[in-house]
Every structure is written in C-alpha cells, then in structure tokens.
Amino acid sequence: MKTYKVNEFIMRYSIGNPFATEVVVNKGEEINRKDIDYFQIDEKKGFRFSHKMDPRDIVWGLGENQRGMNKRGGIYISYCTDDSQHTPDKKSLYGAHNFLIVDGEVKFGVFVDYPSKVTFDIGFTHSDVLDIVIDGEDFDLYIVEGVSLKEITGQFLNMIGEGYAPPKWAFGYQQSRWSYKNAEEIEKIVDSFLHYDIPCDTVYLDIDYMERFKDFTIDEESFPHIEGFVKRIKNKGFRLIPIIDAGVKIEKDYDIYEEGIANDHFCVNEEGKPFVAAVWPGRVHFPDFLRPETRKWFGLKYSRLIDWGIEGFWNDMNEPAIFYSNKGLQKAVEKAKASENENLDIYSYFELRDTFVGLLNKLEDHKDFYHRVEGKLVRHDLLHNLYGYNMTRAAAEGFEEIQPNKRFLLFSRASYVGGHRYGGIWTGDNHSWWQHLLLNIKMMVSLNMCGFLYSGADTGGFSGDVNAQLMIRWMQFSLFTPLFRNHSAMGTRRQEPFAFDEGTLHILRNTIRIRYALIPYIYSEYMKALIHKNVYIASLAFEYDDTRSRTVEDQLLIGDSLMIAPIYEENAVGRYIWLPEDMLLWKAEDYRNRSYEIYKKGNIYLEVDIQEIPIFVRKNKIVLLGKHGSSVENLCHDELEAIAFVDDKAAYVYYDDDGTTKNYKNKKYNEVFIEIEKVKNDFEITITNRGNDTLKKINFEILDIQGNVNKKTVEVS
Ligand code: GLC
C-alpha cells in the first residue's frame, strides 16, 4: 500500500495497481504511512475494511441507491444493474457511487475508486460495524476529512471536479413516454401543451424514432423529413430529445455497424471476435467506450442528429443491459428442448422458467467479453461500472468537438462517480408507487452528494398505472428537481397532464407553472452550487445540527433559502413537519395569489389539500420568482418578485448567465446582490448589480418574525 496526501483534508491509499478510472484528477504526494485512518483492514478475507460505528452515527451517501438517507441497516452493492424492480431488498441500481460519510462524534468521508463490485455492509451483519468489501486487489481508497457533513461533501465535490451544466431550457418541464410512435403523435402532444396552456420545453423521442432500434438512424416512414419536423416543433417552442442506446445492431450495410467492425470499435470475446449480446434491436455489439478512439468515433456520430437540429440526448441501456447472450440462449433452448416430453413438476418447471428469466443481465455474460485497454484485454466485469460513465463521456467529448461552446442536454442511466462532469442521470425504471416517490425524495440527497446535481426520477413512475393523486403529489415534488421529466412505459396509463380529469389538469398546470415561476431561484441556486462545489438539494443535517434535524428523512433543503416537506402518502390530508427554526410557510397553489404564515421552531401538523404545496422560506433568507411562460426561453425576467423572511438581516445572490454557452466557466455571468436589513420597524434594501442588463425592478414582500408584511419595489440599475 502506498499513501498519498492529496491535500490538507484528503488522503489516498493506493492498493496494488489501480485502474486509471480518471475520476480524481489530483493524485497527491506520496508520504510514508502504513495504516488507514478510521479503518481496520482484514486482508485474509479479500479486502475488507471495517469501521466500528457509534449507535448515533449516521451514514450518508452512496448516490443512486435504495433505502433511507441514513444508509444504516442495509447492504449495498456497487455494480451497475439493469433491474426494473426497485424493491427495498435490491442491493444495486443503475449507478455505482462509492462515496459515503460517517457522521457522528467522529466524521469522515470515504470514496472507493474501484470499477467493479464493492459491497457496503452498513450495520446489516453487525449492527455497529461498517464493512466495505472490495472484490479485487487494485484500487484507491480516499479518506476525506472535515468538520461537518457539508464540509466533507464540499471537499469530495472539489476532488471529483466541476459538474455538468445543462442549457437553461433543460430546467423546464419535460414530457416523455415510451410509445410516442410517429411525428403526428409527437405533434399532437406538443399541440396539447399549447392548447391547455401548460408550459413545457421538451418532448422525448424514445426508441421508436429509430429505424428498427438502430442508433443514429431515423425511421423515415414514421418521421419523414426529420429536419423540417425538428424545426417545426422548435418553432412551436419545444425541443425534441432522442434516446441513444449502447448496443449497435449487427446488420450488414448499417454504416455504424460496418465502421465499428472495420475499425475494431467493439468489445470482443475470448477469441478476439466482437462480442454478441441482444438488446432492443436483437443482436448487437457493444462499443468499447473505454478506448479513447472508440469514444471519439461514437461521440462524433451524435453530429448526425445535431445536424437535424437536435440539442439534447439521453443515453440508455448502458450498464450495459443484456437481454440474452448467444451462449445463454443456446443453453436455455437446449434445456427447453430436453424438457419437451418431460412431465415437469413444480420444481423442474420453475427451473426451466428461471433459465429463461435468468438470461437477463447475467454476470456470466459480463465475464465473457473484454475491453482493450492500452493494448491489453481486460475482462468486462472487472471494469463494469465504467461502461455507462464512458458512454456519457463519449457523447460529451463529441459535443465538445462538434460545438465546443454549446451546452447540450445530456443524461444517462448507468453511471459512476465522475460521470457528473459529462452529464446528468435519471434514476431509471421506477414504478407508479408511493414508495418510489419517497425513494425519489430520499435519493436526491445522496445523488447530490456524489455530484449528480442534474438528476431526477421518472415523475409519475415509469412502470404501472399512476392515479391522479400520485401524479399530482409527484409533480409537486419534482418541480424542485433540476431534471423535471414525466416519463412512462409503453402499455401503462397515459400520464401527460391532459390525460387526467379537468380538476387534475388544473392542478398540474398550476404546479408546472410554479416551476417556471421559480426558475430565477432554481437556476441561480443550481449554477452557484455547481460553481462553488456545493449540493443543490440537501438533507436538513447539512444546515442544522440538532438531533431531530439530523434524522428527518422526508424533508429537503432546496438551494440556500427553501425547505420543502412533500406529501408522499396516498389520501393524506396533511403531514407532520419538523421546523428546525422559525420559518415562513407559502402554501403554493396558484403562484400569483400568495399568502403566508409564520411558524415557530418545533413539530407541527400541517393540513395540506391536494392542490397545495408546502414551501418554507428559511429565516433570514430570500427567494426570487418571476412569471411563468410557455417555455424557459419565453420567460421575462425584467421584473421579479422577492419573498423574504427577515429577522434582522438577509442576503441573496441572484446568478444568471446566457444559459446556452460555457462562458460561465470564464466568469462570464452576472450577479445581483440583494441585502435586506431591519432598521427599527422598517427594512432597508440594498441592491448591487454586477452585469444583469435584463432586471429592472424587484417587488419585495418582506415578512418579519411576527408575520407583518412589508411591501416595497426597488428599481435595479
Ligand atoms: C429502458 C429505459 C426507459 C425507456 C425504455 C425504452 O427501460 O430505462 O426509460 O423508456 O428502455 O427505451
């Protein structure tokens, strides 16, 4: 083992000969040490690191994963998995995010940079022991120190590099569904949004836009004259976002396939021949995204769709998902044939059935193919978690070449820590279950801690049929997540806002409009978090240190000024809420008619009707809002409203930029500094404008601790 000091707060322990995942840029300086802080190593049982936990320690993190914000009590396996049944007993989802924080009297973060299976047993086997088991001998383990959960997270985010900024329009509401079959259907969806006056920025193209599920093709029968179509939809104010899958269909004369073969771009089997697996198009090869040449080749293919006028993509099936391999299918068919004339009893029938069901995403198949890394063959399962990450990287690097300064929308299903530099993620195939709304709420915290600020779930649920109530409650939550997309599976109940009764439509419209009204705040908070290496969504423990705040699992901080308490139970008419300090409640419904109440620190039970969203403004904080528009680009921000809850002094920095370029990286953004100070019975407002040419005035509604409202308008020059 070699030990390196990365900086004052971070140590790297390098074991064996770690694979260059390229997640952490600064590797640090070697120092002479042989022990690992906070952990005992048991080398006899593979690499097992154990840490004894105090009863009150909270364990945060692990990104896309099951169970609570506090991960104690569970086993989690980092191994990117395409499993659509996200039940609480599942140990792996689509992402592998090996960062956690032990938060108690003693606090530290740990990141395991290892691209294959890592098991985190967090008090499952022994309730007071955190065990990390690494299935390999070559890895880096980082210990991150700091005085608080917030500081350790900040150190970690700093270490893994600046995250991805989508274009500003990607903060609008997005409509998707697997089954939009042709241009007419898409146009009908677009027209319905316009007809019902519901803001929306994008409509998604799922696999049916392609010619027989072949990447970078178009089904010309269903989508004739695609360029003209993309333009027509854009003229109506919407962008189309196509899906790109990892597998490339094996088909003679299909140029992507032919080029891939000619230039050795595909993963190979033991004999060095392209590995064959089956996904949507039938048999495919997998591009070897770990090779820079292959990333470049695949990444530049996006230009074909970009030339049609496309400005955003979602990368899918990149764990990679495998429906079956040739070998697996052959074995299963042989077994079926052999059973043909058998009298199958319950056990042998189940065995036969499971042989077919078990073809999906088999570990054995992962051991049957290889990547070529610097001239050497490396078995896929040993690098598995880097596959989706490198597909996203391929796209991002492609965009960088195609249009270097343009921000594209990009998010992925599979991911590894570090993928946040290239794109966002969505949380895959959830269900229209209340439990998955709650899971979505909890997961946003750990996703943010791992750098995935641009993330969100399939709002309303992907599988299963959603009812109006769940749709409303989910929308009322998702309006705070940067990726705000309603997506559902083929064959399920339609869940566009206008697919419901009139009352529901009315509520959903108002809910989506709140998102658009809050864009000045949401975008500002997102971009500041990105630039300053903070989280955008946090648990209360990031800001409040009392026991109750540290253990609340169903309330969130959104940016610096807001706390939300979403409703996530069916037929609920209210809920208990913990207020860690005095707060201002805005029960949002129609954002244009606002009323407020002040609540004292403590536990409350709040009645919440179906159309209401409890939004709390923290003490001495300010939130900005504008008016809604049909899309983000149609928003007018020359006049903003500020809701402030001020005891003595409050300050806010309103960030904005062009929303389309990467110029913000060169500090080309504008900031409006707002300060409110209570002076006797009045409030003094100071505004300093650094470069915002749009904003002309702010209408303030300032509430003091007694709930007195003070309204003022201030011109901005
Ligand atoms: C996968 C994706 C889902 C998509 C479907 C069809 O299940 O997770 O979002 O709709 O494939 O492409």
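- In the nomenclature of an unreviewed UniProt entry, the protein is known as Alpha-glucosidase of Anaerovirgula multivorans.
- Turning to the protein, the UniProt annotation filed under Sequence similarities (unreviewed entry) states: "Belongs to the glycosyl hydrolase 31 family."

**Quick look at the overall build of the protein**
Line of reasoning, step 1. Within the protein, the secondary structure is distributed over 14 helices and 44 strands.
Line of reasoning, step 2. Projected onto the principal axes, the alpha-carbon positions of the protein cover approximately 85 × 65 × 55 Å.
Line of reasoning, step 3. Split into buried and exposed, the 717 residues of the protein put 63% on the buried side.
Line of reasoning, step 4. Taking the intrachain contacts of the protein between residues at least 6 apart in sequence as the baseline, contacts between residues at least 24 apart amount to 72%.
Line of reasoning, step 5. For the protein, the distance from the average site of its 88 positive side-chain charges to the average site of its 111 negative ones is 2 Å.

**Some thoughts on helix 2 (residues 183–195)**
Line of reasoning, step 1. Taking 1.5 Å of rise per residue, the 13 residues of helix 2 would be expected to cover 18 Å, and the 18 Å separating its terminal C-alpha atoms lies within 8% of that figure.
Line of reasoning, step 2. If you check which residues of helix 2 are buried, you get Ala183, Ile186, Glu187, Ile189, Val190, Ser192 and Phe193.
Line of reasoning, step 3. Lining the buried residues of helix 2 we find strand 14 (173–175), strand 15 (202–205), helix 3 (226–235) and strand 16 (239–245).
Line of reasoning, step 4. Remark: aspartate 197 follows helix 2 within two positions and exhibits a positive phi of approximately 60°.

**Points about the pairing of strand 19 (residues 282–285)**
Line of reasoning, step 1. Inspection of the sheet shows strand 17 (residues 248–249) paired to strand 19 by two bridges, in the antiparallel sense. Each bridged residue has a counterpart across the sheet, and for valine 248 the counterpart in strand 19 is histidine 285.
Line of reasoning, step 2. In terms of strand pairing, strand 18 (residues 277–279) meets strand 19 through three bridges, oriented antiparallel. Bridged to alanine 278 within strand 19 is arginine 283.
Line of reasoning, step 3. Linking strand 18 back to strand 19 in an antiparallel pair, the connection comprises two residues.

**Digging into the UniProt feature "domain: DUF5110" (unreviewed entry) in the protein**
Line of reasoning, step 1. Within the UniProt annotation, "domain: DUF5110" (unreviewed entry) is assigned to residues 645–701.
Line of reasoning, step 2. Span residues 645–701 is 0% helix and 58% strand, its end C-alpha atoms 9 Å apart.

**Topic: the sheet that holds strand 16**
Two orientations exist for strands paired in a sheet by backbone hydrogen bonds: parallel and antiparallel.
Line of reasoning, step 1. A sheet is described by the order of its strands in space; here nine strands give the open sequence 27-26-24-20-16-15-14-29-28, paired in parallel fashion. Here the strands that pair on one side only, and so sit at the sheet edges, are strand 27 (455–456) and strand 28 (458–459).
Line of reasoning, step 2. The strands touched by helix 2 are strand 14, strand 15 and strand 16; relative to strand 15, the strand with the most contacts, the crossing angle is about 160°.

**Quick look at a nonpolar patch on the surface**
Line of reasoning, step 1. A surface patch of nonpolar side chains, amounting to about 520 Å² of accessible area, comprises Leu344, Ile346, Tyr347, Tyr349 and Phe350.
Line of reasoning, step 2. Within the secondary structure layout, isoleucine 346 lies in helix 7 (residues 346–357).

**Section: the nonpolar core**
Line of reasoning, step 1. Counting 214 residues, the largest nonpolar core has Phe286 and Tyr302 as its most contacted members.
Line of reasoning, step 2. Built from parts of two domains, this core gets at least three residues from each of domain 1 (2–160) and domain 2 (535–715).
Line of reasoning, step 3. With sequence-adjacent residues up to four places away left out, tyrosine 302 is seen in contact with Phe216, Ile244, Phe313, Asn315, Met391, Ala395, Phe399 and Ile402.

**A short note on the sheet that holds strand 7 (residues 74–78)**
Line of reasoning, step 1. Pairing within the open sheet is antiparallel, and its five strands lie in the order 4-5-12-11-7. Strands at the two margins of the open sheet, each flanked by one partner only, are strand 4 (40–42) and strand 7. Shown here is a sheet whose adjacent strand axes are inclined to one another by a mean of 15°, direction ignored.
Line of reasoning, step 2. Relative to strand 11 (residues 118–122), strand 7 runs antiparallel, the two being bridged by five bridges. Among the inter-strand pairings, serine 78 is bridged to a residue of strand 11, identified as valine 118.

**Considerations on the site of the ligand**
Line of reasoning, step 1. As a matter of local geometry, the ligand sits amid 13 residues, with Asp206, Asp316, Arg413, Asp429 and His487 nearest to it.
Line of reasoning, step 2. Measuring from an oxygen atom of the ligand, one finds a side-chain N or O atom of aspartate 316 at 3.2 Å.
Line of reasoning, step 3. In the environment of the ligand, an oxygen atom lies 2.9 Å from a nitrogen or oxygen atom belonging to the side chain of histidine 487.
Line of reasoning, step 4. Taken by itself the ligand offers 310 Å² of open surface, and the protein chains cover 97% of this.
Line of reasoning, step 5. Looking at side-chain class alone, the shell around the ligand contains eight nonpolar, one polar and four charged residues.

**Section: the pattern of salt bridges**
Line of reasoning, step 1. For the structure on display, the rule yields 60 salt bridges.
Line of reasoning, step 2. In this structure, arginine 212 and glutamate 251 form a salt bridge, with 2.8 Å as the shortest nitrogen-oxygen distance. You can see arginine 212 sitting in the loop between strand 15 and helix 3 and its partner glutamate 251 sitting in the loop between strand 17 and helix 4 (255–262), a full 39 residues away along the chain.
Line of reasoning, step 3. Accessibility expressed as a relative area gives 46% for arginine 212, which makes it partly exposed.

**Quick notes on the packing of helix 2 against helix 3**
Line of reasoning, step 1. Two elements in contact, helix 2 and helix 3, have axes separated by 11 Å at closest approach and are oriented at 10°. Put simply, helix 2 runs roughly parallel to helix 3. The segment helix 2 lies against helix 3, with Ala183, Ile186, Glu187 and Val190 engaging Phe229, Arg232 and Ile233.
Line of reasoning, step 2. Looking at the contact of helix 2 with helix 3 residue by residue, the classes come out as five nonpolar, no polar and two charged.

**Here we look at unusual backbone geometry**
Line of reasoning, step 1. Following glutamate 319, the chain continues into proline 320 via a peptide bond in cis, with omega recorded as 0°.
Line of reasoning, step 2. Its location among the elements puts proline 320 in the loop between strand 20 (312–316) and strand 21 (324–325).
Line of reasoning, step 3. A positive phi angle is found at arginine 67, which is not glycine, with a value near 70°.
Line of reasoning, step 4. Turning to its location among the elements, arginine 67 is positioned in the loop between strand 6 (58–61) and strand 7.
Line of reasoning, step 5. By relative accessible area, arginine 67 is classed as partly exposed at 37%.

What counts, and where the lines are drawn
- Residues numbered from 1 in each chain as written.
- Predicted model: local features only at pLDDT ≥ 70, side-chain atom pairs only at ≥ 80, totals over all residues.
- Heavy atoms only, no water.
- UniProt positions renumbered as here; feature names shortened; annotations may be inferred.
- Helix = DSSP H or I, 4+ residues; strand = E, 2+ residues; numbered from the N terminus.
- Buried < 20%, exposed > 50% of the residue type's maximum accessible area, 1.4 Å probe, protein only.
- Contact = heavy atoms within 4.5 Å.
- Lys, Arg positive; Asp, Glu negative; His and termini not counted.
- Charge placed at Lys NZ, Arg CZ, Asp CG, Glu CD.
- Expected span 1.5 Å × (residues − 1).
- Pairing = 2+ DSSP bridges.
- Axes fitted to C-alpha atoms, helices over the stretch in contact; angles between N-to-C directions.
- Patch = residues over 30% accessible without salt bridge, like charges linked within 9 Å, V, L, I, M, F, W, Y side chains within 5 Å.
- Areas by Shrake-Rupley, 256 points an atom, 1.4 Å probe, with all protein chains shown as cover.
- Salt bridge = Lys/Arg side-chain N within 4 Å of Asp/Glu carboxyl O.
- Core = buried A, V, L, I, M, F, W, Y, C linked by side-chain atoms within 4.5 Å.
- Domains from an automatic or database assignment.
- Near = heavy atom within 4 Å.
- Polar contact = N/O pair within 3.5 Å; in protein donor to acceptor, adjacent residues only side chain to side chain.
- Nonpolar A, V, L, I, M, F, W, Y, C, P; charged D, E, K, R; others polar.
- Parallel < 35°, antiparallel > 145°, perpendicular 65-115°, else oblique.

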